[in-house]
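Spelled out, the chains give:
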Amino acid sequence: MARKRIIAGNWKMNKTPEEAKALCADLKDLVVNDNVDVVYCVPAIDITTVAEAVKGTNVHVGAQNFYIEDKGAFTGEISAPMLKEAGVEYIIIGHSERRDIFGENDVLINAKVKKAFASGLKPILCCGESLALRKAGTYKEWIERQIKWDLTDVTADQVKNLVIAYEPIWAIGTGETASADQAQEVCKLIRDLIAKLYDADTAEAVRIQYGGSMNAGNAAELLAKDDIDGGLIGGASLKTDFAQIVNA
Ligand code: PGA
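The rules we used
- Residues numbered from 1 in each chain as written.
- Predicted model: local features only at pLDDT ≥ 70, side-chain atom pairs only at ≥ 80, totals over all residues.
- Heavy atoms only, no water.
- Near = heavy atom within 4 Å.
- Polar contact = N/O pair within 3.5 Å; in protein donor to acceptor, adjacent residues only side chain to side chain.
- Areas by Shrake-Rupley, 256 points an atom, 1.4 Å probe, with all protein chains shown as cover.
- Nonpolar A, V, L, I, M, F, W, Y, C, P; charged D, E, K, R; others polar.
- Salt bridge = Lys/Arg side-chain N within 4 Å of Asp/Glu carboxyl O.
- Helix = DSSP H or I, 4+ residues; strand = E, 2+ residues; numbered from the N terminus.
- Buried < 20%, exposed > 50% of the residue type's maximum accessible area, 1.4 Å probe, protein only.
- Arc of directions from axis to C-beta.
- Contact = heavy atoms within 4.5 Å.
- Pairing = 2+ DSSP bridges.
- Axes fitted to C-alpha atoms, helices over the stretch in contact; angles between N-to-C directions.
- Parallel < 35°, antiparallel > 145°, perpendicular 65-115°, else oblique.
- Left-handed = near helix turned anticlockwise from the far one by under 90°.

## A closer look at the site of the ligand
Near the ligand lie 13 residues; those nearest to it are K12, H95, E167, G173 and S213. One of the side-chain nitrogen or oxygen atoms of N10 is found 3.4 Å away from an oxygen atom of the ligand. In isolation the ligand offers 280 Å² of accessible surface; the protein chains occlude 95% of this area. Of the residues assigned to the shell around the ligand, the class counts are 4 nonpolar, 7 polar and 2 charged.

Laid out in structure tokens, this is it:
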């Protein structure tokens, strides 16, 4: 079974609604590609504007964060039903910036993955090691531990619809990309782990992205690897370069 490529832009905390509208317009004709799922994961305030701007195109809307309750006294948070109603399909969970800056741990991340599925949102679950772990040579154990925690009590049918993004922290926003071989090594490790935790069909179905300074120049080489089914793109998703990655 061939996996459909998925190229997602992670806009992070960039673009006001007006700027978001302009970027969608700039990209509109450039990201048309039926062989690729294209996703814009945008700030919450931009969701309605972007959902309107991409209507009738092949672009899906994603969000970058949510909380696990549907409503209530959770000041500053946004819920899955709110995102759904606004047109969101994909949700980034466990990004290293959420883990490191906002203190999200694997228990919360696991709860978010389960809540996303229960709410009909498709998680893009991020994992990845620090430079220290890469240098120490213990990055494989680290990634396996993250995935096991984050997928606790997640079913095989759910994992078949999951996207996992391998994002080495040392490659995020640094201009330093993992080599295609380094990225493939970990993406394959993740697929093998899914086979072990679930079964071969599930491992074959789950889509695995690479993220970390992916750009118009290096995307084709990374995406050519057997176990890399797409990319999660930060900086380069904010310009028309993103279209070159979609079409790489
Ligand atoms: P980057 O970010 O492409 O700017 O390195 C990727 C990410 O953090 O998702």
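## Some words on the pattern of salt bridges
Opposite charge on two side chains permits pairing when their charged atoms draw close. Applying the stated criterion across every chain yields a total of 21 salt bridges. The residue K225 makes a salt bridge to D181 at a minimum N-O spacing of 2.8 Å. Here D181 lies in helix α9 (residues 180–197) and K225 lies in the loop between α11 (219–223) and β8 (230–233), a separation of 44 residues in the sequence. On the accessibility criterion, K225 (24% relative accessible area) is partly exposed.

## Quick notes on helix α1 (residues 17–27)
Along α1, the residues classified as buried are A20, L23, C24 and L27. Taken end-on, α1 shows its buried residues confined to a sector of 100°, consistent with a single buried face. Turned more than 90 degrees off the buried face of α1, the exposed positions are E18 and A25. Next to the buried residues of α1 lie β2 (36–41), α2 (47–53) and α12 (241–246).

## Structural notes on the sheet that holds strand β3 (residues 59–63)
Strand order around the closed barrel formed by 8 strands is β1-β2-β3-β4-β5-β6-β7-β8, with parallel pairing between neighbours. Averaged over all pairs of adjacent strands, the angle between strand axes in this sheet comes to 25°, irrespective of strand direction. Examined bridge by bridge, strand β7 (residues 207–211) and β8 share 3 bridges and lie parallel to one another. Bridge assignment links G211 to a residue of β8, and that residue is L232.

## Side note on the packing of helix α7 (residues 139–150) against α9
A packed helix pair is summarised by two numbers, namely the angle formed by the two axes and the spacing between the axes. Interhelical geometry of α7 versus α9 gives an angle of 45° and a closest axis separation of 10 Å. Classified by the angle their axes make, α7 and α9 are oblique. Our pair here, α7 against α9, has a crossing hand that is right-handed. Taken together, the residues of α9 that come into contact with α7 (itself represented by Y139, K140, I143, E144, I147 and K148) are E185, V186, L189, I190, L193, I194 and L197. Residues that form the contact of α7 with α9 fall into these classes: 9 nonpolar, no polar and 4 charged.

## Things to note about the side chain of D37
Residue placement: D37 occurs in strand β2. By relative accessible area, which is 10% here, D37 ends up buried.

## A closer look at the environment of G230
Checked against the element boundaries, G230 lands in strand β8. Each C-alpha atom, one on G230 and one on I208, is 6.6 Å from the other, the two residues being 22 residues apart in sequence. Among residues more than four places away in sequence, those in contact with G230 are R5, I6, I7, I208, Q209, Y210, M214 and L223.

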